[in-house]
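Residues per chain, in single letters:
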Amino acid sequence: MRKYQIIKTRTPMPQQDPHERAHNFSEVALGYTEEMAIKEANRCIQCKTRPCVKGCPVEVPIPEFIAKVAAHDFEGAIDKIKEKNVLPAICGRVCPQETQCEAKCTLGKITGSRPVAIGRLERFVADWEQRVKDIGEFDEGTCVDLSGKTKVAVIGAGPAGLTCAGELAKLDYDVTIFEAFHKTGGVLVYGIPEFRLPKKIVQKEIDNLRECGVKIKLDAVVGKLYTLEDLEEQGYKAFFIGVGAGLPIFLNIPGIELNGVLSANEYLTRVNLMKAYDPSYDTMVDSGKVIAVLGGGNVAMDSARTALRLGAEKVIVVYRRSEKEIPARREEYEHAVEEGIEFHFLRNPTKIIGDEKGFVKEMEVIKMELGEPDASGRRRPIPIPGSEYTISVDLVIMAIGTRANPLLTQNIPNLKLNKWGYIEVNKHMQSSIPNVFAGGDIVTGSATVISAMGAGKEAAKGIHKFLQGKLDDS
Amino acid sequence: MGWKILSKKFLNNEQSVFEMVVEAPDMAKKAHGGNFVILRLTEQGERFPLTVADYDVEKGTITIVVMKIGKSTTELSLMEPGEEILDFVGPLGKSAHIEKYEHPVVLVGGGVGIAPIFPQAKELKAIGNHVIVILGARTKDLLFWEDKFRQIVDEVIVTTDDGSYGKKGFVTDRLKELMENKPLSHVIAIGPIIMMKFVAKLTNGQGDLPKIPTTVSLNPIMVDGTGMCGGCRFLTLDGQAKFACVDGPDVDGHNVNFDNLIARNSRFQREEHERLEKFEHECKLLAMADKAEGECKE
Ligand SMILES: Cc1cc2nc3c(=O)[nH]c(=O)nc-3n(C[C@H](O)[C@H](O)[C@H](O)COP(=O)(O)OP(=O)(O)OC[C@H]3O[C@@H](n4cnc5c(N)ncnc54)[C@H](O)[C@@H]3O)c2cc1C
Ligand SMILES: Cc1cc2nc3c(=O)[nH]c(=O)nc-3n(C[C@H](O)[C@H](O)[C@H](O)COP(=O)(O)OP(=O)(O)OC[C@H]3O[C@@H](n4cnc5c(N)ncnc54)[C@H](O)[C@@H]3O)c2cc1C
Ligand code: SF4
Ligand code: SF4
Ligand code: FES
């Protein structure tokens, strides 16, 4: 038997220099080399109880794949990961590992020691596969022909829909994805910026799906262009709804109608999906010297760091709780600080003030203090009366959350929704309509890429059982 | 993949307004008055909205009528039948509310807004309404579709700002005359924001004239058209922010803060101007290159 020695420090991740990267859209974290990956994999002590696996929503066989990496068997490692996770290049980059797999790692429990860098290793293995296999340009000709098989419609091409479609294709269904935008990927392409998740990685994953025979219909807003009945008439026997939670929330304060106040959704869509950062594209995006971003999650970090890259002189993140409570991935917060983003904690805007032409000029903020813990267990921020002051800003980007988009759901009679408008499902991800399944943010509210993928996979299993007449309604 | 342009026709001598028929059979089945489509012409192009000006379920087509103002609309005007529009998404927005009214319904179309009142006029007439349309334009050359309307509605009133055709004056003058003469059930106004603002002011019951429910069609800057970005939000008079793409674009004209809408539409004015200048410059260079090539061949 091999003897394990505890190595407390992780192999550092090579990164672009913060000063340089603050002005470009290339990926920030550069990825491990083979040597680094093997070194980090050797830190894993191969716990018998596999606590890390319990932290992963899709139960990637973590010790097993890491053992393969340590043994220089990258091919074996990728096969292990893919048993559970079909989009490892994406998850390795965007999963909040510090609250999932890595939170449970034994090495992290030892004083002064850091967990094994599971996410970085997962990313390394996935990138290795794409490099060696050099999947290259997508060729329609290689598609598997599934015509004649049972037709299933997947609505929404975010991580939930893509995963569900992939699983269904493996089960030999004739799957078509209907996507409202002109590109597939959901938040992966319109929300998460290039410097954190290069779009060619998402595209590769989508090409893989098409090679499995999955058909994709873009520019198809279901609920408008087609109702579910229309699709039933076209022969679809079951449906998966993965339309995300895309309705932006605006703070209810005076001034939100001003030019220069925009949702993170709009800001990021203009920049990522519509490539406003590239001068050869026509899409415009609001510019300014001083930009305030409201919120403390991943969306706020992405907006702030995007603003910096588009040339803002100063970017301020205004968050109503303290540093401890920010919900963003730790790494993204640290990267933002390194890049020079300013954080104003325990502050909340009360008013946005415009100039005579209707453009933002100033924002009034109030200081907050933390009170008793609320239902979510976090200490509730309370405004301190009389502590208001104003700051000069050119743009205010709201990254304070989203709600369920009713565009499709309101057009499906008898679909049961909860009081916030999210779809109610049972453990098979089946909705109140037997042949309609759902998963991802439209069921849970804003969550994570990996949980959306997990839901898509469960739903595929549910749909398979349902179509075989084997789904018990328990 | 794309959506094929079946025909293109300029509607005036100035060639600033054109009509295009696009092959989109699935959309034609679902489209109604009040709906719009979002287009993208090239990989580098922006997404921009246009109202459905007509639809034909049998032929499987959607008609749009477009005014050339900036880069995207100019680029579209240069496309020819047979070419394909890269993205053509819809039908988006709420469909117009159609019911049988007791008294006549008046549809007011100003400028390029003449086109989008057509499907609504058609649908209102089909269920037996008495339909009156007022078509307004700056000058005779900018007026179009008069015959098309005459074939389907009860009365067509034409007015031009300079009196070069029809009666001289504004659409609001003609609407006022109607309001003074007979009871009306509903007014629908589509055109420049300023026109819709004055129509709504005339019908809000706060002057000497009776109040008439009035629908206007909002045209704020949009991205997705599905409620996802909030860029299209507009302010109601009672201070709420709503999204034009899903709560509209047809909304109650008596509850819109038009001044805010005008301000919001100037959001990218500077950038748009620069972009169009660059585009025109490139076009000139291209034209020069073409000419040079032509001369070489000779
Ligand atoms: C800026 C940003 C950063 C994030 N960062 C992270 C991160 O670092 N790590 C992480 O784990 N999570 C992150 N998240 C959250 C994560 O991206 C989401 O939880 C996840 O994408 C949800 O997946 P989904 O498939 O349910 O929906 P989405 O990704 O929202 O995809 C839904 C798709 O459905 C389409 N659609 C909507 N309506 C219709 C319709 N009527 N017809 C057809 N198609 C329709 C949409 O266009 C979209 O493509 C982030 C989110 C944002 C916005
Ligand atoms: C619901 C709706 C329906 C419309 N229907 C028609 C129609 O039937 N016929 C027609 O000619 N025009 C219509 N418009 C206006 C049309 O979308 C704009 O003229 C077009 O986007 C201008 O693009 P451009 O690049 O040519 O000009 P630009 O130089 O980009 O802009 C000129 C002006 O057009 C407006 N505009 C620019 N981008 C957008 C955008 N993405 N969304 C909305 N407005 C924008 C702004 O007010 C801007 O100042 C409609 C707009 C909306 C919102
Ligand atoms: S999928 Fe995410 S949570 Fe699971 S092991 Fe990979 S990085 Fe960790
Ligand atoms: S908990 Fe950590 S050390 Fe243990 S097997 Fe998992 S990754 Fe390795
Ligand atoms: S256009 Fe994006 S929400 Fe209306």
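Predicted model, so just to flag it, every value in this text is computed and none were measured.

**A few points about the overall build of chain B**
Then, in step 1: Along chain B, the regular secondary structure elements total 9 helices and 17 strands.
Then, in step 2: Taking 298 residues into account, the globule formula puts the C-alpha radius of gyration at 19 Å, and chain B, at 20 Å, falls close to it.
Then, in step 3: When burial is assessed residue by residue, chain B has 55% of its 298 residues classed as buried.
Then, in step 4: Pairs at least 24 apart in sequence give 66% of the contacts found in chain B among residues at least 6 apart.
Then, in step 5: Of the roughly 13,200 Å² of accessible surface on chain B, a fraction of 52% belongs to carbon and sulfur atoms.

**Quick word on the domain arrangement of chain B**
Note on interface size: it is often stated as the accessible area lost on association of the parts.
Residues and elements named next belong to chain B.
Then, in step 1: When the domains of chain B are assigned, the result is domain 1 (3-92) and domain 2 (105-265).
Then, in step 2: A straight line from the C-alpha centre of domain 1 to that of domain 2 covers 21 Å.
Then, in step 3: Facing the 24 residues of domain 1 at the interface are 22 residues of domain 2.
Then, in step 4: Of the roughly 1,800 Å² buried between domain 1 and domain 2 on both sides combined, carbon and sulfur atoms contribute 59%.
Then, in step 5: Area buried by domain 1 at its contact with domain 2 is led by Phe36, Arg47 and Asp54, which between them contribute 22% of it.

**Considerations on the interface of chain B and chain A**
Then, in step 1: Of the residues lining the interface, 47 residues belong to chain B; the matching set on chain A comes to 43 residues.
Then, in step 2: In total, chain B and chain A occlude about 3,600 Å² of area from one another, counting both sides; carbon and sulfur atoms represent 53% of this.
Then, in step 3: Where chain B touches chain A, the interface holds 5 salt bridges.
Then, in step 4: The partner of A:Asp286 in a salt bridge is B:Arg267, with the nearest N and O atoms 2.7 Å apart.
Then, in step 5: Seen at the junction of chain B and chain A, the total is 18 residue pairs in polar contact (both at pLDDT 80 or more).
Then, in step 6: Counting residues per element, the ones that place at least two in the side of chain B that touches chain A are helix H1 (25-30), helix H2 (71-77), strand E8 (87-92), strand E15 (233-235), strand E16 (241-243), helix H8 (258-264) and helix H9 (269-297) of chain B.

**Regarding the domain arrangement of chain A**
Residue and element names in this part refer to chain A.
Then, in step 1: Looking at chain A, the domain boundaries give domain 1 (18-133), domain 2 (142-246 + 404-467) and domain 3 (249-402).
Then, in step 2: Listed as interface residues are 15 residues of domain 2 and, on the opposing side, 16 residues of domain 3.
Then, in step 3: Of all residues in domain 2, the largest losses of buried area upon contact with domain 3 belong to Tyr190, Phe195 and Arg196, amounting jointly to 44% of the total for that side.
Then, in step 4: Where domain 2 packs against domain 3, one counts 2 salt bridges.
Then, in step 5: Of the charged contacts, one joins Arg196 and Glu332 as a salt bridge, the two residues approaching to 3.5 Å between their closest N and O atoms.

**A short note on a nonpolar patch on the surface**
All names here are of chain B.
Then, in step 1: The grouping of Ile194, Phe198 and Ile262 at the surface amounts to a nonpolar patch, some 250 Å² of accessible area in total.
Then, in step 2: Looking at where Ile194 falls in the secondary structure, it is placed in helix H6 (residues 193-203).
Then, in step 3: Look at Ile194 and you get partly exposed, because its relative accessible area is 45%.

**Some points on the site of ligand 3**
Then, in step 1: Near ligand 3 you find A:Cys56, A:Pro57, A:Val60, A:Ile62, A:Asn85, A:Cys91, A:Cys95, A:Gln97, A:Gln100, A:Cys101, A:Glu122 and A:Ile450, and these make up its full shell.
Then, in step 2: In terms of residue class, the shell around ligand 3 is built from 8 nonpolar, 3 polar and 1 charged.

**Observations regarding the pattern of salt bridges**
All names here are of chain B.
Then, in step 1: On inspection of all chains with the given rule, the structure shows 45 salt bridges over all chains.
Then, in step 2: In this structure, the salt-bridge partner of Lys148 is Asp54, at a minimum N-O distance of 3.2 Å. Here Lys148 is found in helix H4 (residues 146-150), whereas its partner Asp54 is found in strand E5 (residues 54-56), with 94 residues between them in sequence.
Then, in step 3: Here Lys148 falls in the partly exposed class, since its relative accessible area comes to 24%.
Then, in step 4: Residue classification places Asp54 among the buried positions, given a relative accessible area of 11%.

**Brief notes about helix H13 (residues 264-273) of chain A**
Then, in step 1: Of all 10 residues in H13(A), 10 are buried, a share of seventy percent or more.
Then, in step 2: Within two residues after H13(A), A:Lys275 carries a phi angle of roughly 50°, on the positive side.

**With respect to the side chain of A:Glu266**
Then, in step 1: Inspection of the secondary structure assignment puts A:Glu266 in helix H13.
Then, in step 2: The class of A:Glu266 is buried, set by a relative accessible area of 0%.
Then, in step 3: Once you skip the residues sitting within four places of it in the chain, A:Glu266 turns out to touch B:Val223, B:Cys229, B:Gly230, B:Gly231 and B:Arg267.

**Regarding the packing of H13(A) against helix H14 (residues 298-309) of chain A**
Residues and elements named next belong to chain A.
Then, in step 1: Here H13 crosses H14 at 50°, and the two axes come no closer than 10 Å. Between H13 and H14, the angle is such that the two are oblique. As H13 packs across H14, the resulting crossing turns out to be left-handed. Facing Ala264, Tyr267, Leu268 and Val271 of H13, the residues of H14 in contact are Val299, Asp302, Ser303, Thr306 and Ala307.
Then, in step 2: Looking at the contact of H13 with H14 residue by residue, the classes come out as 6 nonpolar, 2 polar and 1 charged.

**A short note on the packing of helix H5 (residues 171-181) of chain B against H6(B)**
To characterise two packed helices, one gives the angle between the axes of the helices and the distance between these axes.
Residues and elements named next belong to chain B.
Then, in step 1: Put simply, H5 and H6 touch, their axes get as near as 10 Å, and they point 20° apart. Classified by the angle their axes make, H5 and H6 are roughly parallel. In this structure, H5 meets H6 at a crossing whose hand is right-handed. Packed against H5, whose contacting residues are Val171, Thr172, Leu175, Lys176 and Met179, the element H6 presents Met195, Phe198, Val199, Leu202 and Thr203 at the interface.
Then, in step 2: Split by residue class, the contact of H5 with H6 holds 7 nonpolar, 2 polar and 1 charged.

The rules behind the values
- Residues numbered from 1 in each chain as written.
- Chains lettered and ligands numbered in written order.
- Predicted model: local features only at pLDDT ≥ 70, side-chain atom pairs only at ≥ 80, totals over all residues.
- Heavy atoms only, no water.
- Helix = DSSP H or I, 4+ residues; strand = E, 2+ residues; numbered from the N terminus.
- Rg over C-alpha atoms; globule rule 2.2 N^0.38 Å.
- Buried < 20%, exposed > 50% of the residue type's maximum accessible area, 1.4 Å probe, protein only.
- Contact = heavy atoms within 4.5 Å.
- Areas by Shrake-Rupley, 256 points an atom, 1.4 Å probe, with all protein chains shown as cover.
- Domains from an automatic or database assignment.
- Buried area = accessible area lost by both parts, 1.4 Å probe.
- Salt bridge = Lys/Arg side-chain N within 4 Å of Asp/Glu carboxyl O.
- Polar contact = N/O pair within 3.5 Å; in protein donor to acceptor, adjacent residues only side chain to side chain.
- Patch = residues over 30% accessible without salt bridge, like charges linked within 9 Å, V, L, I, M, F, W, Y side chains within 5 Å.
- Near = heavy atom within 4 Å.
- Nonpolar A, V, L, I, M, F, W, Y, C, P; charged D, E, K, R; others polar.
- Axes fitted to C-alpha atoms, helices over the stretch in contact; angles between N-to-C directions.
- Parallel < 35°, antiparallel > 145°, perpendicular 65-115°, else oblique.
- Left-handed = near helix turned anticlockwise from the far one by under 90°.

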